[in-house]
Amino acid sequence: MIRLLLADDHAIVRAGLRALLDSAADITVVAEAATAEETVACCAATEVDLVLMDLRFGRGKSGVDATRALRAAPAPPNVLVVTNYDTDADILGAIEAGACGYILKDTPPAELLAAVRGAAAGESVLSPSVASRLMTRVRTPDTTLSPREIEVLRLVADGHSNREIGKRLFLSETTVKSHLVHIYSKLGVKSRTSAVARARERGAI
């Protein structure tokens, strides 16, 4: 029997997932959590084999934060991310934090159940679109933005100056400019506005 925890801040999403999972004879939902902090606390108090983890919980810590905390535990549960977000930064952040799988919420029910069983066994499980993004990233590493470059570009998109970005990320203004030069080169653009637009086209931010 796979003991599963549902972690999502939307009650209706948890209810829908529970209804599907309850139909499987080999899966039992032992707990639900609406925040990252609650997820970690539940896993500390309840024996869980697999966590179905959303990435965004509104205020507070993210699903990536919770995944990292859970995987650092002495007897960690496996984590399968189930989300609407499929940007490179989201996917890589979750996998680097220790998630063994990453699927989207529009995954067909039969595929979701198969993903749950695979992830519970520690297998790597990816939605086809997510697998495709990762393969593209591997094949074109020179044009892929690093996590730090994505951070810089997100702040540019929010309208911050180089000086403000430096203060937020604890970088010198010169280092911020250097990151922007690399970003422009990788994206094949010559301005901040074009860089943001191109990155959004690629789903990088």
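Residues numbered from 1 in each chain as written. Predicted model: local features only at pLDDT ≥ 70, side-chain atom pairs only at ≥ 80, totals over all residues. Heavy atoms only, no water.

**Quick notes on the sheet that holds strand β4 (residues 78-83)**
Inference 1: Read from one edge of the open sheet, six strands run β2-β1-β3-β4-β5-β6, paired in parallel fashion. Across the chains shown, the open sheet's two edge strands, defined by having one partner strand only, are β2 (27-33) and β6 (125-126).
Inference 2: As judged from the two bridges shared by strand β5 (residues 101-104) and β6, these two strands associate in the parallel manner. Looking at the pairing, Tyr-102 lines up with Leu-126 of β6.
Inference 3: Those strands touched by helix α1 (residues 11-21) are β1 (2-7), β2 and β3 (50-53), and its axis lies near 165 degrees from that of β2. (Pairing = 2+ DSSP bridges. Helix = DSSP H or I, 4+ residues; strand = E, 2+ residues; numbered from the N terminus. Contact = heavy atoms within 4.5 Å. Axes fitted to C-alpha atoms, helices over the stretch in contact; angles between N-to-C directions.)

**Considerations on helix α7 (residues 147-157)**
Inference 1: Those residues of α7 that fall on the buried side of the exposure criterion are Glu-149, Ile-150, Val-152, Leu-153, Leu-155 and Val-156.
Inference 2: Gly-159, located one to two residues past α7, shows a positive phi value of around 90 degrees. (Buried < 20%, exposed > 50% of the residue type's maximum accessible area, 1.4 Å probe, protein only.)

**Re the pattern of salt bridges**
Inference 1: Enumeration over the complete set of coordinates arrives at 13 salt bridges.
Inference 2: With a shortest N-O distance of 2.8 Å, Arg-117 and Asp-26 are connected by a salt bridge. One end of the pair, Arg-117, is in helix α5 (residues 109-120); the other, Asp-26, is in the loop between α1 and β2, and 91 residues separate them in sequence.
Inference 3: In this structure, the salt-bridge partner of Lys-105 is Asp-54, at a minimum N-O distance of 3.5 Å. Placement of the pair is Lys-105 in the loop between β5 and α5 and Asp-54 in the loop between β3 and α3 (63-71), with a sequence separation of 51 residues.
Inference 4: Judged by its relative accessible area of 4%, Asp-54 falls in the buried class. (Salt bridge = Lys/Arg side-chain N within 4 Å of Asp/Glu carboxyl O.)

**Re the environment of Leu-5**
Inference 1: Among the secondary structure elements, Leu-5 is positioned in strand β1.
Inference 2: Judged by its relative accessible area of 0%, Leu-5 falls in the buried class.
Inference 3: Sequence separation of Leu-5 and Val-29 is 24 residues, and the distance between their C-alpha atoms is 5.8 Å.
Inference 4: Beyond its immediate chain neighbours, meaning those up to four positions away, Leu-5 contacts Ala-31, Ala-33, Thr-39, Cys-42, Cys-43, Val-48, Leu-50, Val-51 and Leu-52.

**Digging into the pairing of β5**
Inference 1: What you see with β5 is no split at all: Gly-101 and Ile-103 on one side and Tyr-102 and Leu-104 on the other are buried throughout.
Inference 2: Judged from the four bridges that link them, β4 and β5 form a sheet pairing that is parallel. Paired with Val-81 across the strands is Tyr-102, a residue of β5.
Inference 3: Following the chain from β4 across helix α4 (residues 88-97) to the adjacent parallel β5, one finds a crossover that is right-handed.
Inference 4: Each parallel crossover has a hand, and the one from β5 via α5 to β6 is left-handed. (Right-handed = clockwise from strand over helix to strand, strands pointing away.)

**A look at α1**
Inference 1: Among all positions of α1, only Arg-14, Leu-17, Leu-20 and Leu-21 are buried. End-on view of α1: buried residues confined to an arc of 125 degrees, all on one side of the axis. Residues of α1 that are exposed and point more than 90 degrees away from the buried face comprise Ile-12 and Ala-19.
Inference 2: At its buried positions, α1 is contacted by β1, β2, β3 and α5. (Arc of directions from axis to C-beta.)

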